[in-house]
Amino acid sequence: MHVLVVGGAGYIGSHMVKLLCRRGCEVTVLDNLSAGRRDAVVGGRFVLGDLGELDVLDDLFGANRFDGVMHFASHIQVGESVQEPAKYYRNNVFKTQHLLDAMVSHRTRCFIFSSTAAIFGEPIRIPIDEDHPKNPINPYGRGKWMVEQMLQDYDIAYGLKAVSLRYFNAAGADPEGELGECHDPETHLIPLVLQAASGRRPHVTVFGTDYDTPDGTCIRDYIHVTDLCEAHWLALQRLWDGGGSTAYNLGNGNGFSVQEVIDAARAVTGRNFSVVHGERRPGDPARLVADSRRARTELGWEPRYADLTMIVEHAWRWEVR
Ligand code: UFG
């Protein structure tokens, strides 16, 4: 099977490319390298290009017969999306539509979309299941929810089959140590904590200690990148087996506070780095935990690295490589 991975040079996309190659797929990566790295693409064929370049898409789909498309090429910073909504709607919505239109024109039917827990906004119940109301509170989440709705319409009108995977907090690194997280700037908690542990940063700042949680810091559901990729693989197979369009929430169902992540990092690294208590970051819900039972039941998805210590261990191995 030939899979096109858009954004395959980024954090999650690069892990996906490795898994697809291992499973015997032919892989083509399309990436504009705005955030990804060429050396993170450890298999398949690499094409440098952007979804905004319609001729690139036409050439790509004209020259290949793709059995599936996975789309990881989004901007991901919630705060930036509030400051620069045009950048987010252009890249995450309009350019995604270019990709979908190319798929429709070339009769490519199976699409796996990287969606996000940010489509739910401030949760009204925890854990968050797929049917939880969608009330995104920033342009990042709104754009992802727009694409999910677009996908429903494209299925009805054009028969495009799509699975939207709503990630909670993607974390960790390739257990073999070949790949990991390399965002610039880095905004995610676990790599920032580990950069403080390794001495690359003077300290880590805790954004808010007065939340309505047991220790006052925000609770998140951290999910290992390899487990996320496994869910993509199962979702693609579901479409190949004739399954219909749907969406799954992907998390472990266990919430860990910022303080618990810091404690886990101290235990794993054996280092006592400096922690500063700061203000709340605007737009952060107190608690986000996934109900992933649908993915487990319908896809047979079983996370292998559900333990926070293991997630931090793999990320640490990458940090000190
Ligand atoms: N945090 C800190 N200090 C830091 C960085 C983060 O205390 O230096 C806290 C945040 O306030 C939050 C938690 O650590 O409470 C996790 O923050 P991340 O930035 O790692 O992740 P988010 O939960 O903000 O974001 C993730 C994804 C987004 C997605 C969002 C869904 O990265 O793409 O979940 O709500 F939109």
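For the structure given in this document, a descriptive report is provided here. (Residues numbered from 1 in each chain as written. Predicted model: local features only at pLDDT ≥ 70, side-chain atom pairs only at ≥ 80, totals over all residues. Heavy atoms only, no water.)

**Side note on helix α2 (residues 54-63)**
What counts, and what does not: Categorising residues by exposure relies on relative accessible area from a 1.4 Å probe, with only protein chains included: less than 20% of the type maximum marks a residue as buried, more than 50% marks it as exposed, and the intermediate range marks it as partly exposed. Numbering of helices and strands starts at the N terminus; helices are DSSP runs of H or I of at least 4 residues and strands are runs of E of at least 2. Working note: the arc is built from the helix axis to C-beta atom directions. Residue contacts are counted whenever heavy atoms from the two residues lie within 4.5 Å of one another.
Taken as a whole, α2 has its buried residues at V56, L57, L60 and F61. Viewed along the axis of α2, the buried residues span an arc of 120°, placing them on a single side of the element. With respect to the buried face of α2, the exposed residues turned more than 90 degrees away are D55, D59, G62 and A63. On its buried side, α2 packs onto β1 (2-6), β2 (26-31), β3 (45-48), β4 (68-71) and α4 (85-105).

**Let's talk about the sheet that holds β4**
Put simply, the test is: The criterion for strand pairing is that DSSP finds at least two bridges linking the strands in question. Fitted lines through C-alpha atoms serve as axes, helices being fitted only where they are in contact, and the angles separating the N-to-C directions of these axes extend from 0 to 180 degrees.
One open sheet holds the seven strands; their spatial order is β3-β2-β1-β4-β5-β6-β11, and the pairing between them is parallel. A single partner strand is all that each edge strand has here, and the edge strands are β3 and β11 (246-250). Neighbour-to-neighbour, the strand axes of the sheet open up by a mean angle of 20°, direction not taken into account.

**Thoughts on helix α10 (residues 308-319)**
We count it as follows: By this rule, a helix spans an expected 1.5 Å times one less than how many residues it contains.
Spanning twelve residues, α10 covers 16 Å between terminal C-alpha atoms, matching the ideal 16 Å at 1.5 Å per step. Taken together, the buried positions of α10 are L308, I311, V312, H314, A315, W316, W318 and E319. Buried-residue contacts for α10 involve β7 (169-171), α6 (189-198), β10 (222-224), β12 (256-257) and α8 (258-269).

**Some remarks on the site of the ligand**
This is how it is decided: In this text, near means that some heavy atom of the residue lies within 4 Å of the molecule or strand in question. Under this definition, polar contacts are N or O atom pairs within 3.5 Å; protein pairs additionally need one hydrogen-donor-capable and one acceptor-capable atom, and for neighbouring residues in sequence, both atoms have to be side-chain atoms. In this classification, the charged set is Asp, Glu, Lys and Arg, the nonpolar set is Ala, Val, Leu, Ile, Met, Phe, Trp, Tyr, Cys and Pro, and all remaining amino acids, among them Gly, are polar. By convention here, the domain bounds are inherited from an automatic or database domain assignment.
H188, T205, R220, R281 and D284 are the nearest of the 20 residues found near the ligand. Between an oxygen atom of the ligand and a side-chain N or O atom of Y140, the distance comes to 3.4 Å. Side-chain polar atom of H188 to an oxygen atom of the ligand: 2.8 Å apart, as the coordinates give it. If you list the elements that add at least two residues to the shell around the ligand, you get α6 and β8 (204-207). At three residues, β8 tops the list of elements feeding residues into the shell around the ligand. In the shell around the ligand, the residues fall into twelve nonpolar, five polar and three charged. Two domains each provide a minimum of three residues to the shell around the ligand, namely domain 1 (2-170 + 222-250) and domain 2 (173-221 + 253-319).

**Considerations on the pairing of strand β6 (residues 161-167)**
Counted only if it meets this: By the criterion used throughout, a crossover qualifies as right-handed when its path from the first strand across the helix to the second strand runs clockwise, the strands pointing away from the viewer.
A large share of β6 lies buried, amounting to seven of its seven residues. Judged by which residues are buried, β6 turns out to be covered on both faces: K161, V163, L165 and Y167 on one side and A162, S164 and R166 on the other are all buried. One ladder, built from seven bridges, connects strand β5 (residues 110-116) with β6; its direction is parallel. The residue bridging C110 from the neighbouring strand is K161, located in β6. As a crossover connection, the stretch from β5 through helix α5 (residues 139-158) into β6 is right-handed. Judged from the five bridges that link them, β6 and β11 form a sheet pairing that is parallel. Bridged to S164 within β11 is A247.

**Describing the layout of surface pockets**
Rule in force here: A pocket here means an open set of points on a 1 Å grid, computed over the protein atoms alone, that has protein on both sides within 12 Å along at least five of seven lines. A cavity is instead a set of points where a 1.4 Å probe fits but cannot get out; residues with an atom within 4 Å of a point line either one. Grid points are joined across faces, edges and corners, and a volume is the space filled by probe spheres set on the points.
Reported here for the second largest pocket is a volume of approximately 280 Å³. Taken together, 15 residues line the second largest pocket, and the ones lying closest to its centre are L19, R22, D174, P175 and T226. Domain assignment of the residues forming the lining of the second largest pocket places at least three in each of domain 1 (2-170 + 222-250) and domain 2 (173-221 + 253-319).

**Some words on the nonpolar core**
Formally: By nonpolar core we mean a set of buried residues, namely Ala, Val, Leu, Ile, Met, Phe, Trp, Tyr and Cys, connected to one another through side-chain atoms within 4.5 Å.
Within the largest apolar cluster, 37 residues are counted, with the highest numbers of intra-cluster contacts made by I12, L20 and L250. Going through the elements one at a time, β1, α1 (11-22), β2, β5, β6, α7 (225-240), β11 and α9 (293-299) are the ones with two or more residues in this core. Here the element with the most residues in this core is α7; it accounts for nine residues. When residues of this core are assigned to domains, at least three map to each of domain 1 (2-170 + 222-250) and domain 2 (173-221 + 253-319). When sequence neighbours within four positions are dropped, the list of residues in contact with I12 reads F72, Y167, A170, V225, L228 and C229.

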